[in-house]
Structure formats: C-alpha cells, structure tokens
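Residues per chain, in single letters:
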Amino acid sequence: MARFQGIIGILLILSIAYLFSNNRKQINLRVIFSGIILQLIIAVLVLKVPVVANFFQFLGKGMSKIEIFARKGASFVYGGLITAQPDGTVANYVNGGFVFAFNVTATIILVCALVAVLYHFGIMQRVVAVIARAMNFVMRVSGAEALSNVASAFVGQVEAQVLIRPYLATMTMSELLASMSGSLACIAGGILVVYANMGAQAGIDLAPKLIMASLMAAPGALVISKIVFPETVESQTMGTVKLEVKSHYTNVVDAISHGAGDGFKIAMNVIAMLIGFIAVIACLDWMLIKIGHLFNPSFDLSLNFIFGKIFYPFAWAMGVPAQDVNGVATLLGQKLTINEFVAFQNLTNKSVPVISEKGLLIVSIAICGFANFSSVGMQIGGIGEIAPGRRADLAKLGLKALLCGTLASYLSATIAGILM
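- Labelled according to an unreviewed UniProt entry, the chain appears under the name Nucleoside transporter, originating from Flavihumibacter petaseus NBRC 106054.
- According to the UniProt record, the Sequence similarities (unreviewed entry) comment for the chain reads "Belongs to the concentrative nucleoside transporter (CNT) (TC 2.A.41) family."
- Turning to the chain, the UniProt annotation filed under Subcellular location (unreviewed entry) states: "Cell membrane".

**Here we look at the overall build of the chain**
Here comes step 1: Broken down by element type, the chain carries 19 helices and two strands.
Here comes step 2: Scaling as 2.2 N^0.38, a compact globule of 420 residues should have a C-alpha radius of gyration of about 22 Å, and the chain matches this with 21 Å.
Here comes step 3: The buried share of the chain, reckoned over its 420 residues, is 56%.
Here comes step 4: Pairs at least 24 residues apart make up 76% of the contacts formed inside the chain by residues separated by at least 6 positions.
Here comes step 5: Summed over its atoms, the accessible surface of the chain is roughly 18,100 Å², and 69% of this surface lies on carbon and sulfur atoms.

**Here's the deal with the packing of aromatic side chains**
Here comes step 1: Taken as a whole and assessed by the stated rule, the structure comprises five aromatic pairs.
Here comes step 2: Aromatic side chains tyrosine 195 and phenylalanine 341 sit 4.9 Å apart centroid to centroid with 75 degrees between the ring planes, which places their arrangement in the edge-to-face category. Taken together, the residues span a long stretch of sequence, with tyrosine 195 in helix α10 (residues 189–201) and phenylalanine 341 in helix α16 (residues 340–348) at a distance of 146 residues.
Here comes step 3: Since its relative accessible area comes to 0%, tyrosine 195 is described here as buried.
Here comes step 4: Their ring planes at 55 degrees and their centres at 5.4 Å tell us that phenylalanine 314 and tyrosine 410 sit as a pair that is tilted. With phenylalanine 314 in helix α14 (residues 312–317) and tyrosine 410 in helix α19 (residues 391–419), this pair connects stretches of sequence that are 96 residues apart.
Here comes step 5: Judged by relative accessible area, tyrosine 410 falls into the buried class, the value being 2%.
Here comes step 6: Members of the aromatic cluster, connected to one another through ring pairs, are Tyr195, Phe341 and Phe344.

**Digging into the environment of glutamate 340**
Here comes step 1: Considering the arrangement of structural elements, one finds glutamate 340 in helix α16.
Here comes step 2: Each C-alpha atom of the pair glutamate 340 and isoleucine 367 lies 6.0 Å from the other, and the pair is 27 residues apart in sequence.
Here comes step 3: In this structure, glutamate 340 is in contact with Ile187, Tyr195, Lys335, Ile367, Gly369, Phe370 and Asn372, ignoring residues within four places of it in sequence.
Here comes step 4: A distance of 2.9 Å separates a polar atom in the side chain of glutamate 340 from a polar atom in the side chain of asparagine 372.

What counts and how
Residues numbered from 1 in each chain as written. Predicted model: local features only at pLDDT ≥ 70, side-chain atom pairs only at ≥ 80, totals over all residues. Heavy atoms only, no water. UniProt positions renumbered as here; feature names shortened; annotations may be inferred. Helix = DSSP H or I, 4+ residues; strand = E, 2+ residues; numbered from the N terminus. Rg over C-alpha atoms; globule rule 2.2 N^0.38 Å. Buried < 20%, exposed > 50% of the residue type's maximum accessible area, 1.4 Å probe, protein only. Contact = heavy atoms within 4.5 Å. Areas by Shrake-Rupley, 256 points an atom, 1.4 Å probe, with all protein chains shown as cover. Phe/Tyr/Trp six-rings, centres within 6.5 Å; stacked < 30°, edge-to-face > 60°. Polar contact = N/O pair within 3.5 Å; in protein donor to acceptor, adjacent residues only side chain to side chain.

Structure follows, in structure tokens:
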C-alpha cells in the first residue's frame, strides 16, 4: 500500500506542475522521463547497491570528521567555554561540549574555505563540468542549465549562478527558471554538512540521505521546471557544456581567506535568521493559542497544528507511514514557509518526532533544499547583482521557482520512499 501511495504522490506532483504550466503543448516528454529515470537510478544505486551505499556511508563519516576539524579551529576562540549538555552533564567546548551557534559557524567556515581551495585549483569546476555533461547528454537540456543545477549540489544558490555568469544575460526564460529551481531544490555543501552533524548529535545518520537528496534534486528540478515552463526558444548553449576553470584567487592563502570570510557571513546570516524566525514563531504561536482558547480552553492552536493539516495530503501521498504523516506534514510546512534550518532542527531534536526509518528517509529528502519564501528574495537579489539586466525576469519567475524547487524535492523524496 505504501508503494501505491508513492505512485499517487508522483502523479500528484507532476499534475500540480502540469496545472501551472504556461505551455502544455510544448512539454518535452523526453526531458521529463529521462529526468525521472535519472533520479530513479541515483536512488537505486544509493539504496540498493551495497558498494555505492557503503561509499555514501564513507562520505557521511567524512562529514563527521569535518566537524571535528572545525572544532579544532573554533576551540582556539571558544576554548574556555563551559556548557550544559542535553544529558545534564557539563562539558568544556574543547572536550566535546556542544554549542549550536559555535559548532554551526565553525563548520560552515571550514567547508567554505575548503570549497574555495578546490575552486582555486580548478577541481570543483571540473567535477561539476563532468557531471553536467553526463546530465546534458541524458536529458538533452542546455549546457548552462545543466551546469547551474549540478553546481547547486556543491555550492550555494547564488554561487552556482556565478559559474554560468557569461550566459545569464542571454539565457531563455525557461533556462532561467530551471537554473533558479535547481538552486532552490539543492542545498549548499557547507549547510549539508551542518545538517548531517545535527543528525549525528541526535544519533540519526542523515549524511547519506542528504547527499542523495542533493544529487537527485538536480535532474528533479529540471523535470518540474520544464513542465511549468517548457523551452520554446533555441538556447545558445544547447548541446554544449563550457565552464571557465580560471580562479579569481591570487593563491591558496587568498582562497582560504576569502572562503573563510564568506563562510563567516553565511554563518552569521544563519544565526540571525534562526533567532529572528524562531522568535517570531514563538510570538505567532502565543497569539494562535490565545485565539484557539477563545473557542475551546483545551484547544492549543499553533503553526505546527496548521502545517500538519495543510501538508497532510502531500505527506500521505509521498508514502509516509501512518504514524509519521502528521509529523512529516508539519516539517514540510516549516521548511516551505519558514526555512529548512528550523525544520531540520525540529527533526533532529525530535520536537517534531518522526519514528519510522521510511518516514525519516522521505522527510530528510523532502526538506533538503533552499525552497522557501526568504530564499526567493535572496536569489533575486543575488543573481540580480550578477546580471542586473535580468532582475525583472528573476522577479517574474520567483514564485514559479519556489513551486518548482519544492515539487522537485517532493519528487525525489517520493521516488526514494517507493524503493525503501
């Protein structure tokens, strides 16, 4: 029955995309079916092939090492800090004490520095180009949108667009939407490591699931975006994948400095965003409880309650086991309307419990992406700085990109759930 639910979920997701399509007659079925098959192959390899599954487990363990290395740097700054732990003990930060803000900032800074070094030596660009060529060959999409979508699985949503800067001015509207959708459906490497380590702190092995989610999101975003906005114009990069490998850093030290600086900005933004959003949520929940009590003194109305009801059909259709449907629906709502960081925090600290392994797999993939309202604004502003002439087009496509990015993550989660 659960697998049947998953099939319903795929049909539901594709139907919503079809409903919002601006040109249904021009939908390219080859792109759609090849993209879904590519997602399916990735999921089968990770979930069903032991060699690949073990490799992803190895990558997951590597992510936990990154947190340890990041702590070494942060310990110099926060070494004297003593903090209470969830189990009631007290620990020094150097000797294993966990402080959310310090651990998160240190990890993001280290990953951004490492990515900058890889970029400086041209390794990042070459890896992205190889995968993009493969996806371009299979799906027959343009080189620019293939590059952008694959890059989004490694770097941030605006940084991915920097890699295709030369093409942004002349990209078609369909390409632009596909590029924006991929950036919203995927998640940056530094943030992915943070979420994996948040799971590790709670005894949940999220790393392989998150890596798989980000890889599946690239073809998934192309599938949904090409239904919502089919290509009707010949792209200048159709059939070609060209990526400039030249580094804009002077040397390795310059790369580390810039990477660490960029990472610090991202980390501070994450902390400010969490403080602001969680505080606002607390305020809204207080008001909602008061409103609920006007009708029934025992009715505690809250955002979680509302999300659980609105997103219940999606959670059920994706194949989530019955005992987890309400919790998964709540997390889907938090991710879309607030942000994925809050959703992952509530998943890993179990304030919104998800019990079954299948439910955990589906929700981990479904919320692994930047598709939320605040990210749309960040993307319009960020890409608009790179290509000022496309700012009006970016604004027109913003909400469509949000829809596509969300549905792409749901599609990946549903496919993975069917195989579970």
